[in-house]
Amino acid sequence: MKVLQLVTSPRPFFDQQVSVLEERGVDCTVLGVPGAHSGDSGRSVSDYVKFYPKILSAVRSTEYDLVHANYGLVAPFALAQPTRPVVVTLWGSDLMSELGWLRSLSRYGARRSDAAIVPSRTMSRALDTEHELIPFGVDTDLFRPIPRREAREHLGWETDRPVALFPYDRDRSVKDFPRARRLVERADADIELRTITGVDHEEMPYYMSASDVLLVTSRRESGPMVVKEAAACNLPIVSTDVGFVRETVENVTNCFVSDADGDLVAGLETVVEADGRSNGREEIDGLSLDTLGEALLGLYRRVLDSNEPAGQRTGVSHGV
């Protein structure tokens with residue numbers, strides 16, 4: 001099976017998605033939108049104008065079985081190519097965006113595709129068309145508990161204070177670092193706030209295991225995946241009620257979700273006083289990359305085996 005994967009900007013969870021599909025015999029080609037994306041700055045209209053000819057060229061030159069659009073912005077381009085069935089995955093910051101046109105574009109892509117996917121129950125409730133709920137997977141081999149002392153020695157952290165980890169660029173306004181700093185300052189505990197950004201994905205389990213709590217103060221999120229990864233490391237979590245945080249940690253101990261500063265401060269104090277870990281790894285069972293890979297492969301096969309008109313247009317092999 002050959003699949004053309006369209007994406008705005010690859011993310012670690014997307015790269016892992018491609019890897020688990022390829023492990024199952026799916027030949028994936030990734031085509032990203034031209035141009036650069038950084039922080040809160042998006043691509044230009046001209047970048048997206050250049051994208052469609054690249055898609056047409058790819059589809060004409062290779063007998064792809066289907067096109068998988070990853071993110072609402074690329075869905076219309078996938079649908080505009082005339083010969084291959086389309087699967088659309090919405091990531092969250094598209095369907096749940098503050099921008100009305102982006103929400104509408106994402107819903108349009110989901111309605112017109114041969115299959116639509118959302119990764120969370122929150123998004124499922126917001127999408128009023130038929131879709132599949134397939135959570136993003138976590139690499140539980142990479143994200144695993146590491147003894148705190150070992151992790152701090154690995155990172156060179158010389159501190160005995162409890163650490164609240166803020167896993168974002170403090171200059172990104174949507175992440176609201178000033179609020180994180182304010183919460184730590186208000187807490188009746190000697191907490192050290194540490195921020196990280198731009199570190200290798202493989203190093204993140206060390207930062208999580210070296211910390212005492214993950215602190216998320218985002219105004220909005222499509223996930224965030226960092227919460228699932230922290231849970232896999234048994235790191236307690238204190239977070240605003242964004243994205244799929246609440247449903248991820250609803251049965252996880254030592255985790256607190258609220259939009260009220262007082263509740264978040266109390267959560268920090270409770271976690272630090274307990275000086276323990278969570279049971280997150282146990283509770284996120286079923287969110288592994290293997291589960292994701294099997295779910296996606298099954299969906300691809302159902303799309304290709306369907307009798308919908310788009311599925312009949314391919315004229316290519318449906319076998320893996």
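Data block above holds the structure.
Sequence positions are assigned chain by chain, starting from 1 and proceeding in written order. The predicted nature of this model means local features are confined to residues of pLDDT at least 70 and side-chain atom pairs, given and counted, to a pLDDT of 80 or more, with totals for whole chains, interfaces and linings taken over all residues. Think of the side-chain values as coming from all heavy atoms in the structure, minus any hydrogens and water.

Caption draft 1: Highlighting the side chain of Asn254. Tracing the backbone shows Asn254 in the loop between α10 (245-249) and β11 (255-257). Aside from chain neighbours lying at most four places away, what touches Asn254 is Pro236, Ile237, Val271, Ala274, Gly276 and Arg277. Secondary structure follows DSSP: runs of H or I at least 4 residues long count as helices, runs of E at least 2 residues long count as strands, and numbering of each begins at the N terminus. Whether two residues touch is decided by their heavy atoms; if any such pair falls within 4.5 Å, the residues are in contact.

Caption draft 2: Molecular detail of unusual backbone geometry. Phi is positive for Tyr71, which is not a glycine, with a value near 115°. Inspection of the secondary structure puts Tyr71 in the loop between β3 (66-70) and α3 (75-80). Residue exposure (1.4 Å probe, protein chains only): buried if accessible area is under 20% of the type maximum, exposed if over 50%, otherwise partly exposed. The exposure class assigned to Tyr71 is buried, which follows from its relative accessible area of 10%. One non-glycine residue, Asn234, adopts positive backbone phi at about 60°. Along the chain, the position of Asn234 falls in the loop between α9 (225-232) and β10 (237-239).

Caption draft 3: Expanded view of the sheet that holds strand β7 (residues 163-166). A sheet is described by the order of its strands in space; here five strands give the open sequence β8-β7-β9-β10-β11, paired in parallel fashion. Here the strands that pair on one side only, and so sit at the sheet edges, are β8 (192-195) and β11. Strand-to-strand twist across the sheet, computed as the mean angle between neighbouring axes with direction ignored, equals 20°. Should DSSP find at least two bridges between two strands, the strands are taken to pair. Of the strand pairs in this sheet, strand β9 (residues 213-216) and β10 are connected by three bridges, and their pairing is parallel. Looking at β10, one finds that Leu215 is bridged to Val238. Strands in contact with helix α7 (residues 177-186) are β7, β8 and β9; relative to β8, the strand with the most contacts, it is inclined by about 160°. Every axis corresponds to a line fitted to the C-alpha atoms, with the helix fit spanning only the stretch in contact, and the corresponding angles, defined between N-to-C directions, vary from 0 to 180 degrees.

Caption draft 4: Just the pairing of strand β4 (residues 86-89), in detail. Residues Val86 and Val88 line one face of β4 and the alternating positions Val87 and Thr89 line the opposite face, and both faces are buried. As paired elements, β3 and β4 share four bridges and run parallel to each other. Within β4, the residue paired with Val67 across the bridge is Val86. The β-α-β motif built from β3, the intervening α3 and the parallel element β4 has right-handed crossover chirality. When the strands point away from the viewer and the path from the first strand over the helix to the second turns clockwise, the crossover is right-handed.

Caption draft 5: Up close: the sheet that holds strand β2 (residues 27-32). In spatial order, the strands read β2-β1-β3-β4-β5-β6; together these six strands make up an open sheet with parallel pairing. At either end of the open sheet lies a strand with only one pairing partner, and these are β2 and β6 (132-133). Alignment of strand β1 (residues 2-7) against β2, held across six bridges, turns out to be parallel. Across the sheet, Lys2 pairs through a bridge with Asp27, a residue of β2. Sheet strands in contact with helix α2 (residues 45-61) are β1, β2 and β3, and its direction is about 175° off that of β1.

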